[in-house]
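Structure assessment
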Amino acid sequence: MSAPVRIGVLGCADIAVRRMLPAFAASPGLEVAAVASRDRARAEEVAGRFGCRPVQGYAELLDRDDVQAVYVPLPAALHAPWVEAALHAGKHVLAEKPLTTDPETTERLLDLAAKQGVTLMENVMFVHHPRHEAVWRLLAEGRIGELRAFHAAFTIPPLPDDDIRYDPELGGGALADVGLYPLRAALHFLGPALDVVGARLTRGTGRLVETSGAALLATPGGVTAHVTFGMEHAYLSRYELWGSEGRITVDRAFTPPADLVPVIGVHGRTTEEIRLEPADQVAATVTAFVDAVRAGSAPQQDTLRQAVLLDDVRRRSV
């Protein structure tokens, strides 16, 4: 067995404390080495819960020789400078999505990681859930005939008014926060040749960022993808693949709890519900990161293409 990868965390964001740090601590491939915060007391409190070293200041954590990898859960607008600093420090990086706020910076950081010989991975967790691989197998088996269209939606209820996702200076907005999920799902199933045909982004009353949107995309072969997203809505997390002979439906698609029994609906002349074993996509993501660190690589194509598509949706919005 290889020695565990020693990971440090830049910041005490909710997702770090609630989801990622418990998954890091439970992983046999990782050891939580340190937690950094600008607030010393906050660093001590979180580090005490996970049995690691508290560090005041992000740069101070990057200077530590006993940290091999870092997780970056900072607001989106702060990802680029701290990911770049971590890469220059020779650290492997797992960064919250979106990796950056523009495709040019995303490409530059991916190139820097390759030059430095370290792993840079964006924390899009749903793609590591085995249910989506099962959907791929159903498509390959021809269960719904030839694929004609893809529809996906991810919407969440309103957030507190002071939530950073309403702050344009911190990279807020529905497109990068929730729109990324159905867009990445379309990319996952339809491939990198997918292009944006049209889009619409809408700001809720009094908001400084878009709070909802929709986009139409298409492949060169004419398969279309319609994605809908928002953060002042009733909750919905779903995608459908429409074929010439039937449909595949997936509910609770993007953020399923670890104990959820995943169901895939196959609808044709009859309807079948395929039930899979529960799976923890957070743990699966952590495992994928450890594997990438040990292999000295990480997938880059989808990360960059996703960044381009997000930017295209914004540019094409009317």
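Details of the structure are given in the entry above.
About the thresholds
- Residues numbered from 1 in each chain as written.
- Predicted model: local features only at pLDDT ≥ 70, side-chain atom pairs only at ≥ 80, totals over all residues.
- Heavy atoms only, no water.
- Axes fitted to C-alpha atoms, helices over the stretch in contact; angles between N-to-C directions.
- Helix = DSSP H or I, 4+ residues; strand = E, 2+ residues; numbered from the N terminus.
- Parallel < 35°, antiparallel > 145°, perpendicular 65-115°, else oblique.
- Contact = heavy atoms within 4.5 Å.
- Nonpolar A, V, L, I, M, F, W, Y, C, P; charged D, E, K, R; others polar.
- Buried < 20%, exposed > 50% of the residue type's maximum accessible area, 1.4 Å probe, protein only.
- Polar contact = N/O pair within 3.5 Å; in protein donor to acceptor, adjacent residues only side chain to side chain.
- Phe/Tyr/Trp six-rings, centres within 6.5 Å; stacked < 30°, edge-to-face > 60°.
- Lys NZ or Arg CZ within 6 Å of the ring centre and 35° of its normal.
- Pairing = 2+ DSSP bridges.
- Salt bridge = Lys/Arg side-chain N within 4 Å of Asp/Glu carboxyl O.

**As for the packing of helix α4 (residues 76-88) against helix α5 (residues 103-116)**
At their nearest, the axes of α4 and α5 sit 10 Å apart, and the two run at 10° to each other. In this view, α4 runs roughly parallel relative to α5, as classed from their interaxial angle. Here A80, V83, E84, L87 and H88 of α4 come into contact with α5, specifically with T105, R108, L109, L112, A113 and Q116. Residue classes in the contact of α4 with α5 are distributed as six nonpolar, three polar and two charged.

**Some details on the side chain of S27**
As for its placement among the helices and strands, S27 is situated in the loop between α1 (14-26) and β2 (30-37). A relative accessible area of 11% places S27 in the buried class. At 3.1 Å, the side chain of S27 forms a polar contact with the backbone nitrogen of G29.

**Section: the packing of aromatic side chains**
A full pass over the atoms with the stated rule returns 13 aromatic pairs. By the ring-pair criterion, three or more aromatic residues cluster together here, those being F126, W136, F150, F154, Y181, F189, Y235, Y239 and F254. When the ring centre of Y166 is taken as reference, the NZ or CZ atom of R207 above it lies at 3.8 Å.

**Brief notes about the sheet that holds strand β1 (residues 5-10)**
Ordered in space as β3-β2-β1-β4-β5-β6, the six strands form an open sheet in which the pairing is parallel. The open sheet has two free edges, formed respectively by β3 (53-56) and β6 (120-123), since each of these has just one partner strand. Mean inter-strand twist for the sheet, computed between neighbouring axes without regard to direction, equals 25°. Where β1 and β2 come together, six bridges link them in parallel fashion. Across the sheet, the residue bridging to V9 is V35, located in β2. Here helix α2 (residues 40-50) sits on the sheet in contact with β2 and β3, set at roughly 160° to β3.

**Considerations on the pattern of salt bridges**
Oppositely charged side chains may form a pair once their charged atoms are brought near each other. Considering all chains together, one arrives at 23 salt bridges under this definition. Across the pair K97 and D177 runs a salt bridge whose closest N-O atoms are separated by 3.6 Å. Linking K97 in the loop between β5 (92-96) and α5 with D177 in helix α7 (residues 174-190), this pair joins segments that are 80 residues apart in sequence. No difference in accessibility class separates K97 from D177, as the two residues are buried. R305 is the partner of D195 in a salt bridge, and the nearest nitrogen-oxygen pair spans 2.8 Å. Of this pair, D195 sits in strand β8 (residues 195-202) while R305 sits in helix α9 (residues 301-316), placing them 110 residues apart in sequence. With relative accessibility at 40%, the residue D195 sits in the partly exposed group. Via salt bridges that share partners, R6, E31, R64 and D66 belong to a single interconnected network.

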